[in-house]
Structures are given as structure tokens and as C-alpha cells.
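# Remarks on the overall topology
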Amino acid sequence: MIWSLLGQAPVSLAYYKSSLSIHKTKPSTPLNRFSSGFPAPISTPAIRVFCSKSARVGSMASSVQNQGSISYLTQREAAEVDETLMGPLGFTVDQLMELAGLSVATSIAEVYKPSEYNRVLAICGPGNNGGDGLVAARHLYHFGYKPFVCYPKRTQKPLYSGLVTQLESLSIPFLSVDELPMDLSKDFDILVDAMFGFSFHGAPRPPFDELIQKLVNLHNYEQVQQKSPVIVSVDIPSGWHVEEGDVGGEGIKPDMLVSLTAPKLCAKKFSGPHHFLGGRFVPPAIAEKYKLCLPQYPGTSMCVRIGKPPQIDISALRENYISPEFREDQVEADPLDQFRKWFDDAMTAGLKEPNAMALSTTGKDGKPSSRMVLLKGVDKGGFVWYTNYDSQKGRELSENPHASLLFYWDGLNRQVRVEGSVQKVSEEESEQYFHSRPRGSQIGAISTVVPGRHVLHQQYKELEEKYSNEGLIPKPKHWGGYRLQPNRFEFWQGQTSRLHDRLEYSPQEIDGKRVWKIVRLAP
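Not measured: the values here are computed from a predicted model.

### Things to note about the overall build of the chain
In terms of regular secondary structure, the chain is built from 12 helices and 20 strands. Looking at the chain as a whole, 48% of its 523 residues qualify as buried. By sequence separation, contacts in the chain at least 24 residues apart represent 72% of the contacts at least 6 residues apart. With the model as given, the accessible surface of the chain reaches about 25800 Å², and the carbon-plus-sulfur share is 52%.

Here it is as C-alpha cells:
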């Protein structure tokens with residue numbers, strides 16, 4: 001976006017009227033960030049890329065297929081794109097700022113969870129980059145973070161005043177430069193660098209030179225192995241040259257860069273572990289006009305990872321769960337009632353497929369196997385699912401009619417283990433459920449082992465034609481349900497510092513009656 005910083009005049013749009021020369025390059029080779037002795041990296045999938053039609057032809061097409069070639073904008077090109085967005089395409093600066101700030105917040109949330117990186121300081125400049133930071137702070141508040149804002153050179157325009165009012169209404173503290181600690185590493189977990197955008201040029205003036213130096217100093221703390229907050233730069237690391245990057249090598253070293261609209265040329269010099277693209281507002285007309293080649297956004301996400309994939313030390317992956325206590329005096333006496341209670345919580349929370357469960361079986365050879373299936377009923381008799389009796393699980397259950405189920409509800413930090421004996425449900429019950437399924441699912445159940453997916457589609461088409469005039473599709477003999485009758489439950493609730501709650505239900509007889517004994521297990 002076009003703006004003026006530190007009292008400097010806005011960059012002239014007329015200056016940018018020359019022809020464009022969009023620079024494309026492949027992501028740089030990933031840095032090796034593994035701990036010694038670790039066998040192999042875990043990398044994200046190759047980037048899917050969308051390009052303008054004219055950019056897809058010739059050698060460009062082949063380079064896109066190879067990890068994806070991303071467009072990098074010069075300073076003048078970035079200004080022209082913004083001019084087009086806010087000119088003939090009808091966008092307003094507040095619309096773009098809202099989308100940009102949301103993109104920054106969602107990028108942060110993708111990597112830095114509020115349970116471990118809660119305290120956020122957004123350092124905002126007087127221009128649109130600072131406005132992006134103010135919007136990001138608001139969204140981070142609603143995402144569960146505790147944001148603070150340093151906004152030393154406020155822009156006295158209704159748009160910016162409104163953003164300040166919104167933050168003040170959420171009781172988000174504003175800190176002056178003098179109120180900031182000398183060492184930012186002790187008070188904050190995330191530092192959002194939203195001082196300068198791509199229209200900035202020249203040397204930073206006070207107080208931003210001092211603020212940039214505070215961020216630079218954090219790199220020195222890292223070198224002496226002192227814990228340091230992560231730095232997230234918005235579009236351009238402040239103080240960097242928009243096209244040449246950190247020219248002197250003494251600038252900010254951000255851990256995350258969130259490029260907006262398209263990465264600027266300086267992003268090629270970014271060596272941190274996390275590079276995201278945000279600002280999901282580039283219409284096809286812009287992509288075509290400027291021959292932009294950008295990654296596709298997944299689903300409904302407002303950000304997408306670009307550049308090199310992160311190098312992950314699996315041994316360092318951990319989640320510090322934050323959950324309500326799960327105590328013996330809170331639980332239901334009957335584990336089926338407790339299961340229904342937690343299942344209802346999972347449904348209410350809108351979790352995807354809360355009835356998904358891992359089914360583990362063993363045959364006479366004693367070798368375990370697991371797969372995901374869907375729970376289709378639960379009552380006093382137990383847990384019901386349906387499948388192919390001739391499958392591996394069906395064969396193993398015929399040899400050893402015992403199994404375990406595992407439900408995992410990530411959004412609630414909960415899991416439930418159920419063990420017990422297994423038997424087939426009645427043929428009548430299987431028939432009733434089979435004919436309640438969508439017609440396509442009924443046809444799919446008839447298929448057997450096939451040599452390839454093309455044969456599967458052909459079989460489906462033939463069966464669809466075969467039963468097109470029949471009202472009722474007959475249930476295959478090899479298809480039906482199982483019921484696990486539980487003899488052990490374990491309810492697990494994740495807690496901080498791995499002090500998890502684990503309550504086990506096991507049956508016992510008291511005065512001739514079967515009751516469930518509840519004991520607490522070690523985390």
C-alpha cells in the first residue's frame with residue numbers, strides 16, 4: 001500500500017508508470033535445522049501455485065510444476081498493484097488493511113499457539129503497515145493472545161483513530177517507547193514488526209531507529225542462548241531495503257515474514273523458518289495484468305506458507321494443554337453416560353467427525369492392526385460400527401473377538417479409550433442401517449477387491465445401472481455391523497506440564513451387582 005512514513009512525502013505514483021518486470025524464482029534451499037543424530041526432516045507438501053494464463057506457457061509451466069515459482073515485486077511494481085486495487089477495482093484502504101491484518105494474525109496463529117506464545121507486542125508505524133499491525137493486534141486478542149501495542153507516531157485520520165478506539169475498547173494496553181523494557185525478551189513472547197512498509201526509503205528516524213535496534217539486539221541474546229521472543233515482520237522487515245534486503249547484514253532477523261499481496265524482492269533474502277503470504281484479495285484481473293504467480297490459499301485460510309518448508313525437529317514438537325480439571329467427583333458413575341456427555345461436548349464444539357474412532361484388532365498371529373472407522377451407534381449394549389466382514393479387521397475379529405477403540409477430540413484436549421469383546425450385530429439391524437445409507441454408499445459396499453481405481457469406477461457405474469430400476473438394493477452378505485461390549489474405559493484430559501487427568505473405569509461386583517470402579521492413573 002502507498003503511504004508516507006516519518007513525515008516523508010508519499011512516493012509518487014507517477015514514478016511507477018514504467019513497464020513491469022516481475023521477478024520469479026524458486027524457493028531457496030532449506031537450512032538444516034535438525035538436532036544432531038535426528039534421522040530425517042519432515043517437510044510440508046510442495047506448493048500449489050496459480051499463475052496468470054500468459055505466465056503458464058513455455059518454460060514457465062515447467063518451473064511451476066517444480067516446487068512452484070513465486071512472483072517477487074519491486075517497489076514500483078508493488079505500488080502499481082496497490083494503485084490498481086484501490087483505483088479501477090474499487091478496493092478501499094480500510095478493506096485492504098482489515099484483510100492484511102487478519103492475514104498477519106492467522107499466520108501467527110498457524111505457528112505460535114497462544115498457550116505457549118501468549119504475550120504479543122505490536123510495534124506500529126504511522127502508515128498503512130502500522131495500521132495492519134493494529135488490525136492484527138485486534139484479531140490476536142480474539143484468538144486468545146494478550147496483545148500490547150506500541151504506537152509512538154499516531155496518524156490523526158479517522159481510519160487510524162477508529163482502530164485505536166477498537167483496541168482501547170478491548171482494554172488492550174498502549175505502551176510508549178519509554179515504557180518499553182530495555183530487554184524485550186523478558187516481557188513478550190511475540191514481537192510484531194509493523195513499522196515500515198514497502199514505500200519506505202531512507203534511514204529510520206527516531207524513535208523507530210531505537211525500536212529497530214531493540215529488535216536487532218534480540219539476535220545477540222539468541223547467540224548467548226538466552227530465551228528470546230520471536231519476531232514477526234509485516235510485509236517488509238523494518239529497516240531492510242525493499243529490493244536488496246538487509247544490505248549491511250546488521251538488521252532485524254525475523255523468525256516469520258508475512259508478505260502481503262505478493263512477496264517483495266527483499267523476501268528472497270529472508271532466511272527465517274516461516275514465510276507466509278497473506279492478503280487474500282488479489283483478483284484474477286490483477287494476476288493476469290501483472291503476470292503474478294502465487295500459491296493457492298488452502299480452503300478458507302487467509303494465509304498460505306511459501307518459500308522453503310520448515311525444518312522440524314520432531315522431538316521438539318509439543319503442546320502445552322490448557323483444560324479444566326477433570327476430577328473424580330465430577331464424573332458420571334456410568335462410563336457410557338460419561339462418554340455421551342463428552343461426545344455431546346465434541347458435537348457442540350463443532351469438531352469434524354467426532355464419531356471417528358481408531359479400531360485396533362489382532363488375529364491369531366497376535367499382530368495388531370489399526371484403522372479409522374465411524375461410530376454409528378452407542379447404547380447399553382455397547383459401541384456399533386459397520387464394515388466388510390471379509391476385510392482384515394473382519395478376519396481378525398473372527399479369530400480373536402476382542403478389540404479396542406480410541407476417540408480423540410483435539411479441540412477439547414480429550415481422548416477416550418474403550419476395550420471389550422466384539423460380536424456381530426443382528427442381520428436385521430445391519431439391514432436396517434444399510435438401507436438408511438445414501439444410495440451411492442449402498443452401491444459402494446457391494447464392490448470387492450479391484451486391480452485399480454478405474455476398475456472401481458467401472459464397477460460402480462455397472463452396479464448403478466443394474467439397480468437403477470430397483471427400489472431396494474440388496475445388502476451384501478459380506479457387509480454388516482459389529483458391537484463392542486466394553487469392559488474397560490479410560491477418559492483422558494490433557495493438562496499443562498503433562499500433568500494429564502486419566503480416569504479409568506473397570507467393572508466389579510458389589511453385593512451381587514455389577515458396578516464401575518473409578519481410579520486415577522498416573523499421567
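### Topic: the nonpolar core
Grouped together as the largest cluster of nonpolar side chains are 35 residues, with contacts concentrated most on I108, V149, Y151, I190 and V192. Sorting the residues of this core by element identifies α3 (93-111), β4 (119-124), α4 (128-142), α5 (158-169), β6 (190-194), β7 (230-234) and β8 (256-260) as the ones contributing at least two each. If near-sequence neighbours (up to four positions away) are discounted, Y151 is found in contact with C124, G125, P126, L134, Y160, V164, F174 and L175.

### Details of the packing of aromatic side chains
This model, assessed by the stated rule, comprises 25 aromatic pairs. Ring geometry for F148 versus F188: centroids 5.6 Å apart, planes at 75 degrees, classification edge-to-face. Of this pair, F148 sits in strand β5 (residues 146-150) while F188 sits in the loop between α5 and β6, placing them 40 residues apart in sequence. Each member of the pair F148 and F188 is classed as buried. By the ring-pair criterion, three or more aromatic residues cluster together here, those being F326, F339, W342, F343, F383, F407, W409, F489, F491, Y505 and W516. The ring of F174 carries R154 above its face, with NZ or CZ at 4.7 Å from the centroid. One residue, K424, lies across the ring of Y389, its end atom 4.0 Å from the ring centre.

### Focus on the pairing of strand β13 (residues 368-374)
With burial as the criterion, only one face of β13 is covered, namely that bearing S369, R371 and V373; the residues P368, S370, M372 and L374 on the opposite face remain uncovered. The turn joining strand β12 (residues 356-362) and β13, which pair antiparallel and follow one another in sequence, is formed by five residues; a positive phi near 80 degrees is taken by G366.

### Side note on the confidence of the model for the chain
For the chain, the mean per-residue pLDDT works out to 84, and 83% of the residues sit at or above 70. Contacts of residues 1-48 to residues separated by more than four positions or lying in other chains number 128 contacts, the stretch itself having pLDDT below 50. Scored below 50 in pLDDT, residues 53-68 shows 24 contacts in the model against residues more than four places distant or in partner chains.

### Some points on helix α9 (residues 392-399)
Side chains of residues three or four places apart in an α-helix project in the same direction, reflecting 3.6 residues per turn. Among the residues of α9, K393, G394, E396 and L397 are the ones counted as buried. Looking straight down α9, one finds its buried side chains confined to an arc of 165 degrees; they lie on one side.

### Some details on the packing of α3 against α5
Where α3 contacts α5, the axes come no closer than 11 Å and their chain directions differ by 35 degrees. Classified by chirality, the crossing of α5 by α3 is right-handed. Within the contact between the two elements, α3 uses V93, D94 and M97 and α5 uses L159, Y160 and L163. Split into classes, the residues belonging to the contact of α3 with α5 amount to five nonpolar, no polar and one charged.

### Let's talk about a negative patch on the surface
On the surface, D178, E179, D209 and E210 cluster together into a negatively charged patch. Secondary-structure assignment places E179 in the loop between α5 and β6.

Calculation criteria
Residues numbered from 1 in each chain as written. Predicted model: local features only at pLDDT ≥ 70, side-chain atom pairs only at ≥ 80, totals over all residues. Heavy atoms only, no water. Helix = DSSP H or I, 4+ residues; strand = E, 2+ residues; numbered from the N terminus. Buried < 20%, exposed > 50% of the residue type's maximum accessible area, 1.4 Å probe, protein only. Contact = heavy atoms within 4.5 Å. Areas by Shrake-Rupley, 256 points an atom, 1.4 Å probe, with all protein chains shown as cover. Core = buried A, V, L, I, M, F, W, Y, C linked by side-chain atoms within 4.5 Å. Phe/Tyr/Trp six-rings, centres within 6.5 Å; stacked < 30°, edge-to-face > 60°. Lys NZ or Arg CZ within 6 Å of the ring centre and 35° of its normal. Pairing = 2+ DSSP bridges. pLDDT = per-residue confidence, 0-100. Arc of directions from axis to C-beta. Axes fitted to C-alpha atoms, helices over the stretch in contact; angles between N-to-C directions. Left-handed = near helix turned anticlockwise from the far one by under 90°. Nonpolar A, V, L, I, M, F, W, Y, C, P; charged D, E, K, R; others polar. Patch = residues over 30% accessible without salt bridge, like charges linked within 9 Å, V, L, I, M, F, W, Y side chains within 5 Å. Salt bridge = Lys/Arg side-chain N within 4 Å of Asp/Glu carboxyl O. Lys, Arg positive; Asp, Glu negative; His and termini not counted. Charge placed at Lys NZ, Arg CZ, Asp CG, Glu CD.

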